[in-house]
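So you can see what is in the structure, the chains are spelled out below.
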There are 2 protein chains.
Amino acid sequence: MDLDDVRVTGKQVDLTDFPTDANGGLDKASAKRQTAELTAELAQLQERFWANGRQRLLVVLQATDTGGKDGTIRNVFGPLNPLGVRTVGFKVPTSTELAHDYLWRVHSQVPANGEIVVFNRSHYEDVLIVRVHDLVPQKRWKRRYRHIVEFENMLVDEGTTIVKCFLHISKAEQKRRLQERLDNPEKRWKFSPGDLEERSFWDDYQQAYADMLSKTATDRAPWHIVPADNKWYRDLVVATILRDTLASLDLTLPDDPPNLDSIVIGD
Amino acid sequence: MDLDDVRVTGKQVDLTDFPTDANGGLDKASAKRQTAELTAELAQLQERFWANGRQRLLVVLQATDTGGKDGTIRNVFGPLNPLGVRTVGFKVPTSTELAHDYLWRVHSQVPANGEIVVFNRSHYEDVLIVRVHDLVPQKRWKRRYRHIVEFENMLVDEGTTIVKCFLHISKAEQKRRLQERLDNPEKRWKFSPGDLEERSFWDDYQQAYADMLSKTATDRAPWHIVPADNKWYRDLVVATILRDTLASLDLTLPDDPPNLDSIVIGD
């Protein structure tokens, strides 16, 4: 898989250039087999990452509603050791969160040494839903692109690796998934009438995503536009991005404690 | 008092241009009288600030050892209502703090709406003691000036007012204060042999302060170089800065709840 097809850095993004239904020429069964191999490899890499204890990894997941953030987390991060992996979901801000700057609740949750943290939604909501629904004046949210780039720059300078994935689905696929939530008794709890209201802002959201991708994809913290109509291909792409990222890091084990060879463990 | 004499923004600072022993032509008694009047005014302004509930104020205090941060906090902030005023002391970082970027512990403590927060030391230690004692490589701490400017910029954009005060004392005054700690049984607990070690780095610290002031004093978050050999003049300067800052803010009270005039309170 050539990740250059999905990685964007510092260029104007037109989302219609990025297919939502790509499958890499694979069928579902072979994609799932490859993902299973990758997650086994990921589990080993993550053990080294934890043992190494000098790196931090932040994974940012953004998507339109029904885009598959929850499923991606379950399928790609589920097989890893929860000891060193933490998922943070950012919901409607609490009153305490709203009494601070919008990066306050986000910064408090960034990974520590040895940790992989997955953001299920993130600070990017503050240039997405906040923009689409005019929750703060345009003058104010427009300044946030720079804040965010500088914030992520600081994290990278100080030792955090950042992986950002936008799960990209078509409007027709969203319709199928919303209908599935209505039809499947196990999924009805996930349906909210607000989902239809949000769907009516589809074009505004696509524009907000395009601007987010254009203004905040940097060399040091690129975005990946993940084709996500096929869940099995989406998982394979995210697992590949994660494997390549972990494999590129220096994950040497800490030095042995001194004189281990001379230790004799008594009966 | 003309605060333009002590305020710096975006220019190269030579600390020898700033007298440590200025007294504004005042004697101790009249300075203390003025400070008492100011702190009474401050207490009223702070009540409005709290009631208004839409502003945030961050006060950053930095000084060389014995520079008077603790005394300034007691004398200027002590008279305010602790309900809306919080002091945060940043000590040697804990292992949890060190496992994150250096701004992590700082960001978590910034003021919420209606709050005045005083930082007793701050993120600036990460370009001061960290620099003087080579705790991280030069390449790394040099990038922090930009991080800090952008971080403070974001806070200001999102509604925080930032007041930064550097308490400026002479080397001779530090000697007197250290000797006083040795001689006064009530102050001996404050003396640490490490203070003499730090004193031997006096020139390195002065250079680090000058660079900090030159690189991070912006129009939106200026530094004040407070003459601090005379404690009573130092307090007067800081109280004046704070009064002028609060008086410049829009501290209108929230709207009355509806129909108050028609309310009759039963027996």
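Computed from a predicted structure; not experimentally measured. (Residues numbered from 1 in each chain as written. Chains lettered and ligands numbered in written order. Predicted model: local features only at pLDDT ≥ 70, side-chain atom pairs only at ≥ 80, totals over all residues. Heavy atoms only, no water.)

Engineer: Is there a simple way to explain helix 7 (residues 144-157) of chain A in this structure?
Structural biologist: An α-helix turns once every 3.6 residues. As a result, residues three or four positions apart point the same way. Residues and elements named next belong to chain A. Relative to the 20 Å expected for 14 residues at 1.5 Å per residue, helix 7 spans 20 Å between its end C-alpha atoms, a close match to the ideal helical length. Along helix 7, 11 of the 14 residues are buried, which leaves the element largely enclosed by surrounding structure. G159, located one to two residues past helix 7, shows a positive phi value of around 115°. (Helix = DSSP H or I, 4+ residues; strand = E, 2+ residues; numbered from the N terminus. Expected span 1.5 Å × (residues − 1). Buried < 20%, exposed > 50% of the residue type's maximum accessible area, 1.4 Å probe, protein only.)

Engineer: Please clarify how unusual backbone geometry should be interpreted in this entry.
Structural biologist: It is generally the case that most residues other than glycine have a negative phi and that most peptide bonds are trans. Despite not being glycine, R121 of chain A has its phi angle at roughly 65°, a positive value. Given the relative accessible area of 24%, R121 of chain A is considered partly exposed. The phi torsion at N259 of chain B lies on the positive side, around 65°, for a residue other than glycine. Position of N259 of chain B among the secondary structure elements: in the segment after helix 11 (231-248). According to the relative accessible area criterion, N259 of chain B is exposed, its value standing at 60%.

Engineer: Got a minute to help me understand the sheet that holds strand 3 (residues 85-89) of chain B in this structure?
Structural biologist: Through backbone hydrogen bonds, the strands of a sheet pair up, either in parallel or in antiparallel fashion. Residues and elements named next belong to chain B. Ordered in space as 1-6-5-2-4-3, the 6 strands form an open sheet in which the pairing is mixed. Strands at the two margins of the open sheet, each flanked by one partner only, are strand 1 (7-8) and strand 3. Sheet analysis places strand 2 (residues 56-63) next to strand 5 (residues 160-168), joined by 8 bridges and oriented parallel. If you follow V60 over to strand 5, its bridge partner there is K164. Strand contacts of helix 11: strand 2, strand 4 (116-120), strand 5 and strand 6 (223-227), with the helix running at about 150° to strand 6, the strand carrying the most contacts. (Pairing = 2+ DSSP bridges. Contact = heavy atoms within 4.5 Å. Axes fitted to C-alpha atoms, helices over the stretch in contact; angles between N-to-C directions.)

Engineer: What should I look at first to understand the packing of aromatic side chains in this one?
Structural biologist: Centre-to-centre distance and the angle between the planes together describe a pair of aromatic rings. In this structure the tally under the stated criterion is 10 aromatic pairs over all chains. With 4.6 Å between their ring centres and 40° between their planes, F166 of chain B and Y209 of chain B make a pair best called tilted. Taken together, the residues F166 of chain B in strand 5 and Y209 of chain B in helix 10 (residues 202-216) connect sequence positions 43 residues apart. Residue F166 of chain B is classed as buried on the basis of its relative accessible area of 1%. Through successive ring pairs, a cluster of aromatic residues spans F166, Y205 and Y209 of chain A. We note K215 of chain A situated over the ring of Y145 of chain A; from NZ or CZ to the ring centre the distance is 5.5 Å. The positively charged end of R144 of chain B is found above the aromatic ring belonging to Y102 of chain B, 4.2 Å away from the centroid. (Phe/Tyr/Trp six-rings, centres within 6.5 Å; stacked < 30°, edge-to-face > 60°. Lys NZ or Arg CZ within 6 Å of the ring centre and 35° of its normal.)

Engineer: What is the right way to read the environment of Q34 of chain A from this model?
Structural biologist: Residue and element names in this part refer to chain A. Tracing the backbone through its elements, the reader meets Q34 in helix 1 (residues 28-52). Expressed as a C-alpha distance, the spacing of Q34 and Y209, which sit 175 residues apart in the sequence, is 29 Å. Filtering out sequence-adjacent residues up to four positions away, Q34 remains in contact with L26 and L236.

Engineer: Teacher, can you tell me more about the side chain of S122 of chain B here?
Structural biologist: Residues and elements named next belong to chain B. Mapped onto the fold, S122 is located in the loop between strand 4 and helix 5 (129-132). A distance of 3.0 Å separates the side chain of S122 from the backbone nitrogen of Y124, its partner in a polar contact. With residues up to four places along the chain from it excluded, the contact list for S122 reads V60, Q62 and F90. (Polar contact = N/O pair within 3.5 Å; in protein donor to acceptor, adjacent residues only side chain to side chain.)

Engineer: Would you mind going over the interface of chain B and chain A with me for this structure?
Structural biologist: You'll often see interface size given as the accessible area lost when the parts meet. At the interface, 25 residues of chain B touch 25 residues of chain A. Summed over both partners, the interface of chain B with chain A comes to about 2300 Å²; 45% of that surface belongs to carbon and sulfur atoms. Across the chain B-chain A interface, the total number found is 8 salt bridges. Between R146 of chain B and E150 of chain A there is a salt bridge, with its nearest N and O atoms 2.5 Å apart. Those elements that provide at least two residues to the side of chain B that touches chain A are helix 4 (104-107) and helix 7 (144-157) of chain B. (Buried area = accessible area lost by both parts, 1.4 Å probe. Salt bridge = Lys/Arg side-chain N within 4 Å of Asp/Glu carboxyl O.)

Purely geometric numbers; function is a separate question.
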